[in-house]
Amino acid sequence: MDEAQGRIEFREIDEHGHSLEHHVESPEAARRAALNPFIIGLWVLELALVIAIMVIINEAMTPFTPTPGNTMPFAYFLATMIPQLLLAAALILATLLFWHAWQWQKRKAQK
């Protein structure tokens, strides 16, 4: 192959005309850097909330056992937390879905 028909390279230059070093990252490295740790944290929190809700519902379905004194049974206490946990899980899931849709739309617009 003739050298004139070889690969064309583009280089950035600074204001003085010196070429800048350009490091090409692999697509996998760019993808890893693009991961948002807050979104990963939200997915972990969502998973933990769903598991907690399932455990609480399972515990609440067991018959309430009498406790010594006039204390509230622990299963009843857990059962009263279910509506708030369901709301939190639903809000986090909706937020994550909208965030992923926004990211998808942004990537689609860049193409």
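One can find the structure itself at the top, above this paragraph.
In this report, the structure presented in the accompanying data block is examined. Please read these numbers as outputs of a predicted model, since none were measured by experiment.

1. A few points about the overall build of the chain
Looking only at helices and strands, one finds four helices and zero strands in the chain. N-terminal to C-terminal, the α/β element order of the chain is α-α-α-α. For the chain, the share of sequence-separated contacts (at least 6 apart) that also reach a separation of at least 24 residues comes to 56%. Just so you have it, the chain exposes about 10000 Å², and 65% of that area is on carbon and sulfur atoms.

2. Thoughts on helix H2 (residues 37-61)
Each full turn of the α-helix corresponds to 3.6 residues, which orients residues three or four apart in the same direction. With 25 residues, H2 ought to run about 36 Å at 1.5 Å a step, and its terminal C-alpha atoms sit 36 Å apart, in line with that. Looking at H2, one finds that the buried residues are Ile39, Glu46, Leu49, Ile53, Ile56 and Ala60. Structurally, H2 contributes buried residues whose contacts are with helix H3 (74-80) and helix H4 (82-110).

3. Considering the packing of aromatic side chains
As enumerated under the stated definition, the model contains zero aromatic pairs in all. We note Lys106 situated over the ring of Trp102; from NZ or CZ to the ring centre the distance is 4.9 Å.

4. Some points on a nonpolar patch on the surface
Among the surface-exposed residues, Leu47, Val50, Ile51, Met54 and Val55 lie close enough to one another that they form a single nonpolar patch of about 450 Å² accessible area. You can see Val50 is positioned in helix H2. A relative accessible area of 34% means that Val50 is categorised as partly exposed.

5. A look at the environment of Trp99
Position of Trp99 relative to the elements: it lies in helix H4. When its relative accessible area of 25% is taken as the criterion, Trp99 is described as partly exposed. Remark: the alpha-carbon pair of Trp99 and Ile39, spanning 60 residues in sequence, is separated by 8.7 Å.

6. Overview of the nonpolar core
Residues Ile39, Leu49, Ile53, Ile56, Leu78, Ile82, Leu85, Ala89, Ile92 and Leu96 constitute the largest nonpolar core, which totals ten residues. Of all the secondary structure elements, the ones that give two or more residues to this core are H2 and H4. The element best represented in this core is H4, accounting for five residues. Excluding residues that lie within four positions of it along the chain, Leu49 makes contacts with Leu85, Ala88, Ala89 and Ile92.

Thresholds, definitions, all that
Residues numbered from 1 in each chain as written. Predicted model: local features only at pLDDT ≥ 70, side-chain atom pairs only at ≥ 80, totals over all residues. Heavy atoms only, no water. Helix = DSSP H or I, 4+ residues; strand = E, 2+ residues; numbered from the N terminus. Contact = heavy atoms within 4.5 Å. Areas by Shrake-Rupley, 256 points an atom, 1.4 Å probe, with all protein chains shown as cover. Expected span 1.5 Å × (residues − 1). Buried < 20%, exposed > 50% of the residue type's maximum accessible area, 1.4 Å probe, protein only. Phe/Tyr/Trp six-rings, centres within 6.5 Å; stacked < 30°, edge-to-face > 60°. Lys NZ or Arg CZ within 6 Å of the ring centre and 35° of its normal. Patch = residues over 30% accessible without salt bridge, like charges linked within 9 Å, V, L, I, M, F, W, Y side chains within 5 Å. Salt bridge = Lys/Arg side-chain N within 4 Å of Asp/Glu carboxyl O. Core = buried A, V, L, I, M, F, W, Y, C linked by side-chain atoms within 4.5 Å.

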